[in-house]
Amino acid sequence: KHAIFSFLLFVQRIHLDIRVGEHDLDAAIAQAKDKVNELTFKLEHLIEQIEQIIKEQNYQRDREENFRTTSEDTNSNVLWWAFAQILIFISVGIFQMKYLKDFFIAKKIV
């Protein structure tokens, strides 16, 4: 009995409660913060994309306005050139008819 008793004196119990990482309540809070941070990051990214799209739209509007102005000026110039050609053709036609009439009269053909 004496040997068993001395053995029981040297037996000690040690209870360790080891927690790795955050506690359950803190983990839920941290997870919620992570989700908020992730949503904030995504929202900021979307805002940057929207700003970039707005800049691109404004740039395209400016280009379209410049193109429209250039097209309208070109169309106006083409229209005036067409009128000038018509006037030149009509004047040359009238001159040729008068010249041929005078030529035939001078040759006494008519």
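Model, not experiment: these values are computed from the prediction.

What counts as what
- Residues numbered from 1 in each chain as written.
- Predicted model: local features only at pLDDT ≥ 70, side-chain atom pairs only at ≥ 80, totals over all residues.
- Heavy atoms only, no water.
- UniProt positions renumbered as here; feature names shortened; annotations may be inferred.
- Helix = DSSP H or I, 4+ residues; strand = E, 2+ residues; numbered from the N terminus.
- Salt bridge = Lys/Arg side-chain N within 4 Å of Asp/Glu carboxyl O.

## Looking at the UniProt feature "transmembrane region" (unreviewed entry) in the protein
Under the UniProt annotation, "transmembrane region" (unreviewed entry) lies at residues 78-100. Secondary structure content for residues 78-100 is 100% helix and 0% strand, while the C-alpha to C-alpha distance between its ends is 33 Å.

## Thoughts on the pattern of salt bridges
Should their charged atoms come close, side chains of opposite charge can pair. Taken as a whole and judged by the stated rule, the model has three salt bridges. Arg68 is paired through a salt bridge with Glu64; the nearest N and O atoms lie 3.0 Å apart. Separated by four residues within a single helix, Arg68 and Glu64 lie in helix α2 (residues 24-107), roughly one turn from each other. Taking the shortest distance from any N to any O, the salt bridge between Asp102 and Lys98 comes out at 3.4 Å. Of this pair, Asp102 and Lys98 both sit in helix α2, four residues apart, which is roughly one turn of that helix.

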